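So the chains spell out like this:
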Number of protein chains: 2
Amino acid sequence: MPIAVETFFLDPAFEGTLQQQIQQMVAGGILSGRFRPGEKLPSSRKLAHHLGVSRITVTLAYNELMSDDYLTSAGRSGYYVSDKAPEPPELTQRMSGDTVDWSRAIGTRFSGGIQIEKPVDWRRYKYPFLYGQVDPTLFDRQNWRLCAVRALGQRDFDSLTADQMDRDDPQLLEFIARNTLPRRGILASPDEILITIGAQNALWLTAQVLLTQRRTAAHEDPSYPGIRSILRQSRCHRLPIPVDADGLPPDLIPPETDVVFTTPSHQCPTAATMPLERRHALLDRARKDDFLIVEDDYEFEMSFLRPPSPALKSLDEDGRVIYIGSFSKSLFPGLRLGYLAGPAPFIREARALRSAVLRHPPGHMQRTAAYFLSLGHYDALVKRLRTAFQDRRRIMDKAMAQHGLEIAGAGTFGGSSYWMRAPDGVDTKQLAETLRARSVLIEPGEAFCERTARTYRHYRLAYSSITAPQIAPGVALIAQAMEEAQAGVIHA
Amino acid sequence: MPIAVETFFLDPAFEGTLQQQIQQMVAGGILSGRFRPGEKLPSSRKLAHHLGVSRITVTLAYNELMSDDYLTSAGRSGYYVSDKAPEPPELTQRMSGDTVDWSRAIGTRFSGGIQIEKPVDWRRYKYPFLYGQVDPTLFDRQNWRLCAVRALGQRDFDSLTADQMDRDDPQLLEFIARNTLPRRGILASPDEILITIGAQNALWLTAQVLLTQRRTAAHEDPSYPGIRSILRQSRCHRLPIPVDADGLPPDLIPPETDVVFTTPSHQCPTAATMPLERRHALLDRARKDDFLIVEDDYEFEMSFLRPPSPALKSLDEDGRVIYIGSFSKSLFPGLRLGYLAGPAPFIREARALRSAVLRHPPGHMQRTAAYFLSLGHYDALVKRLRTAFQDRRRIMDKAMAQHGLEIAGAGTFGGSSYWMRAPDGVDTKQLAETLRARSVLIEPGEAFCERTARTYRHYRLAYSSITAPQIAPGVALIAQAMEEAQAGVIHA
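Reading the values: the criteria
- Residues numbered from 1 in each chain as written.
- Chains lettered and ligands numbered in written order.
- Predicted model: local features only at pLDDT ≥ 70, side-chain atom pairs only at ≥ 80, totals over all residues.
- Heavy atoms only, no water.
- Helix = DSSP H or I, 4+ residues; strand = E, 2+ residues; numbered from the N terminus.
- Buried < 20%, exposed > 50% of the residue type's maximum accessible area, 1.4 Å probe, protein only.
- Contact = heavy atoms within 4.5 Å.
- Lys, Arg positive; Asp, Glu negative; His and termini not counted.
- Charge placed at Lys NZ, Arg CZ, Asp CG, Glu CD.
- Buried area = accessible area lost by both parts, 1.4 Å probe.
- Salt bridge = Lys/Arg side-chain N within 4 Å of Asp/Glu carboxyl O.
- Polar contact = N/O pair within 3.5 Å; in protein donor to acceptor, adjacent residues only side chain to side chain.
- Domains from an automatic or database assignment.
- Nonpolar A, V, L, I, M, F, W, Y, C, P; charged D, E, K, R; others polar.
- Patch = residues over 30% accessible without salt bridge, like charges linked within 9 Å, V, L, I, M, F, W, Y side chains within 5 Å.
- Areas by Shrake-Rupley, 256 points an atom, 1.4 Å probe, with all protein chains shown as cover.
- Disulfide = S-S within 2.5 Å.
- Pairing = 2+ DSSP bridges.
- Axes fitted to C-alpha atoms, helices over the stretch in contact; angles between N-to-C directions.
- Least-squares fit on C-alpha atoms with pLDDT ≥ 70 in both.
- Parallel < 35°, antiparallel > 145°, perpendicular 65-115°, else oblique.
- Left-handed = near helix turned anticlockwise from the far one by under 90°.

Per an unreviewed UniProt entry, chain A goes by the name Transcriptional regulator and belongs to Litoreibacter roseus.

Okay, here's the thing in structure tokens:
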């Protein structure tokens, strides 16, 4: 790529001749690493015109730079940065300088905290028991493409390009209100829905609106790691509640709680589904102690062993439940689309906050999703995923039983993962590293758990990204590594 | 669309027969507005299978509902919600309930504040002197479409679908680092850049990382309305600094300032460009008083009257400047893509915060932009916009001179708008309303200004969305309304 003429500016404060200034600009660009060997400079005519100087000034500067080995010339074709030009020093120092104390300048620190690790190159691993990435053999790329192309058309020009301020795509909003939510037994008008950049964004907005430093939020333990970092950042008082085989136990929620975050359809990561009786009990507690509930209706679509339970929100007569839905798991996470449904006064504040933080999700993604949903491709895709996952789960069950791997949570409704328990003394973080070297990816439990234990016995095994034939040999490798780890424990 | 069978659930706690429960579910769906007249119910066979009840139970329930006028049957084709079915009550009450006091339940309020109003249907207006929306006659829809389709291809499957956690699209990052920033004289490595959901998101992230309740931020007055709501939400101490014809005056920045937000390329909304001497003076002040500078490099691309000035960041030897770029104005705002460039310790915190708030901008938008930029379409588009804007500006100048409209800020480098001043006593908010009824859209100054004056004399006139032939008659209508308003002032 040639170096753009706009890169060059004259500085009125420069002390020296114009020619010297041009030489210094070019040499400076090379020494700073902005111009690289082999890149073509603007022609002397073009640069002279741009800077408003005479062409001979530029030519003289270029010639001087050639004799200093900064530039070479390829006859009539122009001037290039020379391969022999002095090399730039290390980059990173330059941007930071050393006069700013960044440990002081940063007002609020957000980094740190344990995240689930997902290798970018996970497809290179033979046995990726990885959660939440898309299996290309199942996704309906063809129809997604057709919908995206339609959303790029003349008729949708505004939905693609316009600054919508704080508004959502009306077609997507309408579909969610008319079709998606009613299937979960929820009735909402457009001012009770907000489109978000994935469920993560919906959770974050909700926490920001409902919580303050003086409020208390209860959440499940173990839990989705994202919710813990969101609650930490909100600086509220945070209460982790241990879950059991039926999910979050309402009896353990302290009366001073202001907001409860829960995943009733598919507890993350234990895969427990909260029974209907407990849902009623949770709502009763909410009414009694006057707290709000945030329902992350995580993976309800992946019910293939029995029909999905009704959403907590559909049982909520008081308007105490904020409902969060997502297309990340059923479509794909790179889409970054989710939604909030809740009472209008709450949605109004979440919308105002979203507007300040990011305005609105890109119009093109919203319109493409609206087409994909309304043309019925989404339902067909979910059906295909269910069939494939059911098949894989059968194979998983058999292989794990055969090798005696212990399942801590399987999910009675289906889903796409198991919550597993390693034998006593086995550190699953170490286990994951060992397995990774053998082309097997598992998710150690650490990122999901509240307590900072020395070792973490739990881990998650997902079957959403691994193909059926890879499951049995992959499980065998896990069992083998587990035995080795146990042997290490016994010997130690 | 038929009513999905997943809508129906049996409640073990229901007191009554199965048939009664089915009747109640259907009637409840109709009465709540979830099922609408003309919609088809699941067949009795399908519903019976789904609920695990006998088919005759469903048929009996359907027949009962028919005799109550909830349903009709169209012979063998099935059951439908009847047109004569009872109508649902008003929607909004339902979601809110009335047991939650939302004025108390909301922990932090984000709504309120004055926004620029952009009518959704602005294209229906004959004379839209509106800022920041895309003119379809100038945008290169064809090549955008080609790039988007390419980004939907098999090779880019991961970039479209994957959960990238806190990562950016490597191709877009590389292009910004190698081409976009060097043109502004800025050298940054990938860990010194963060892709954001537009410049708004970049500003917001920056404010959250750098500011606290105990810190002081200075910003321009008048200013981009978005920055004021961002700073208000950060709860920092906020200092509006009046701008002059050269933009932000460094001498007026109090020494206790921690962070300065500025738009040196094109002061929003006055269109002033900060001269090079003042840029140096601002950097000197920053060093002397140890504050940071956030440079929103707003609309630098639209320089057609003279070459753009170097970015403040390119003159920054200390690493005190955080640089914000955007593709919203030069490509389109619905894209929602911008970027931050700054020292790695700062970018690390901004990235961690972005990850908690929304993970990452949708992969497809990032990859499409990367193609559009790297294939040179972006440069061609910017060139076309410059030519068109220069032409429109000439017509604007002529028409405004002819009608004696007073320009408060025109921008010496080009741009796409004028900052205007109405005669004494004319309220531009009222003026905008009058003009809107005459198919003319202008932006009253209220949203940009700090002080709560009784009337606002300023307004903004943009020529980015109005076509050349509409300019002269549009300006004539503005002048006419202005005269009427003045006459009103004189008579009052």
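Quick notes on the overall build of chain A
The helix and strand tally for chain A stands at 16 helices and 15 strands. In terms of overall dimensions, chain A has C-alpha extents of about 85 × 60 × 50 Å along its principal axes. Expressed as a percentage of its 492 residues, the buried residues of chain A come to 62%. Considering only contacts within chain A whose residues lie at least 6 apart along the sequence, 73% involve residues at least 24 apart. Placing the 59 positive and 57 negative side-chain charges of chain A at their respective mean positions leaves the two points 4 Å apart.

Here's the deal with the interface of chain B and chain A
Between chain B and chain A, the contact holds 127 residues from the first and 127 residues from the second. Both faces considered, chain B and chain A share a buried interface measuring about 11,000 Å² in area, 59% of it formed by carbon and sulfur atoms. Scanning the region where chain B abuts chain A turns up nine salt bridges. Across the pair R178(A) and E39(B) runs a salt bridge whose closest N-O atoms are separated by 2.6 Å. Between chain B and chain A we count 41 residue pairs in polar contact (both at pLDDT 80 or more) in total.

Overview of the domain arrangement of chain A
Residue and element names in this part refer to chain A. Examined at the domain level, chain A breaks down into domain 1 (5–81), domain 2 (122–132 + 381–491) and domain 3 (141–375). Here the C-alpha centroids of domain 2 and domain 3 sit 27 Å apart. Contact with domain 2, which involves 27 residues of that partner, is made by 28 residues of domain 3. When the two sides are added together, the surface that domain 2 and domain 3 hide from each other amounts to roughly 2,400 Å², 58% of it contributed by carbon and sulfur. It is F413, F448 and E450 in domain 2 that bury the most area against domain 3; as a group they hold 31% of the surface buried on that side. Where domain 2 meets domain 3, there are two salt bridges. When the shortest N-O distance is used, the salt bridge between R238 and E450 registers 3.1 Å. The interface formed by domain 2 and domain 3 contains 15 residue pairs in polar contact (both at pLDDT 80 or more). When residues of the side of domain 2 that touches domain 3 are traced back to their parent elements, those giving at least two are α14 (377–403) and β12 (417–421). The element that contributes the greatest number of residues to the side of domain 2 that touches domain 3 is α14, accounting for seven residues. Grouping the amino acids of the side of domain 2 that touches domain 3 by side-chain chemistry returns twelve nonpolar, nine polar and six charged.

Concerning a positive patch on the surface
A grouping of K383(A), K40(B), R45(B), K46(B) and R55(B) is seen on the molecular surface, where their side chains present a positively charged patch. Take K46(B): it is sitting in helix α2 (residues 44–51).

Describing the state of the cysteines
Within the structure shown, the criterion is met by zero disulfides over all chains. For the unlinked cysteine C236(B), the closest cysteine sulfur is that of C268(B), found at 18 Å.

A look at the sheet that holds strand β11 (residues 406–409) of chain B
Residue and element names in this part refer to chain B. In spatial order, the strands read β11-β12-β15-β14; together these four strands make up an open sheet with antiparallel pairing. Of all strands in the sheet, those with a lone pairing partner are β11 and β14 (443–444), marking the two edges. Looking at chain direction, strand β12 (residues 417–421) and strand β15 (residues 458–462) are connected through five bridges and run antiparallel. Considered in β15, the bridge of W419 is made with R460. Lying on the sheet, helix α14 (residues 377–403) is in contact with β11, β12 and β15; it crosses β12 at an angle near 15°.

A closer look at unusual backbone geometry
In the segment running from D221(A) into P222(A), the intervening peptide bond is cis, with an omega of 0°. The residue P222(A) is located in the loop between β5 (216–221) and α10 (225–234) in this model. The amide bond that connects C268(A) to the next residue, P269(A), takes the cis arrangement and shows omega of 5°. With phi around 70°, D69(A) is a residue other than glycine that occupies positive phi space. A positive phi angle, near 65°, is found at R359(B), a position not held by glycine. With respect to the helices and strands, R359(B) occurs in the loop between α12 (344–358) and α13 (363–374).

So, the relation of the copies chain B and chain A
Rotating chain B by 180° about the axis while translating it 0.0 Å along that axis superimposes it on chain A, leaving an RMSD of 0.1 Å. Classification of the inter-copy transformation places it as that of a two-fold axis. Of every C-alpha in chain B, the one belonging to V149(B) sits nearest the axis of rotation, 3.4 Å from it. Of the interface residues in chain B, 100% have counterparts in chain A that sit at the interface too, so the contact is made through matching surfaces.

Quick word on the packing of helix α9 (residues 198–210) of chain B against helix α10 (residues 225–234) of chain B
All names here are of chain B. Packing of α9 against α10 leaves a shortest axis separation of 10 Å and a crossing angle of 30°. Put simply, α9 runs roughly parallel to α10. Note on packing geometry: the crossing formed by α9 with α10 is right-handed. Only G226, I227, I230, L231, Q233 and S234 of α10 make contact with α9, whose side of the interface consists of Q200, L203, W204, A207 and Q208. Split by residue class, the contact of α9 with α10 holds six nonpolar, five polar and no charged.

A word on the pairing of strand β8 (residues 292–296) of chain B
For a regular strand, side chains alternate in direction, first toward one face of the sheet and then toward the other. All names here are of chain B. Of all five residues that make up β8, five are buried, and the element is covered over most of its length. Of the two faces of β8, both are covered, the one formed by L292, V294 and D296 as well as the one formed by I293 and E295. Sheet topology places strand β7 (residues 259–262) next to β8; four bridges connect them, and they run parallel. Bridging from a neighbouring strand, V259 pairs with L292 of β8. As defined by bridge partners, β8 adjoins strand β9 (residues 321–326) across four bridges and the pair is classed as parallel.

Looking at the sheet that holds strand β14 (residues 443–444) of chain A
Residue and element names in this part refer to chain A. Strands sit in the order β11-β12-β15-β14 across an open sheet of four strands; the sheet is antiparallel. Sheet topology places β11 (406–409) and β14 at the edges, where each strand pairs with a single neighbour. In terms of strand pairing, β14 meets strand β15 (residues 458–462) through two bridges, oriented antiparallel. Of the residues in β15, the one forming a bridge with E443 is R460. Sheet contacts for α14: β11, β12 and β15; angle to β12, the most-contacted strand, approximately 15°.

What about the pattern of salt bridges?
In this structure the tally under the stated criterion is 55 salt bridges over all chains. With its nearest N and O atoms 2.4 Å apart, the salt bridge here joins R285(B) to D289(B). With R285(B) and D289(B) both in helix α11 (residues 276–289) and four residues apart, the pair spans about one turn of that helix. Relative accessible area serves as the criterion here: at 14%, R285(B) is assigned to the buried category. Given the relative accessible area of 18%, D289(B) is considered buried. Three or more residues are tied together by salt bridges with common partners; here these are D284(A), R287(A), D290(A), D318(A) and R320(A).

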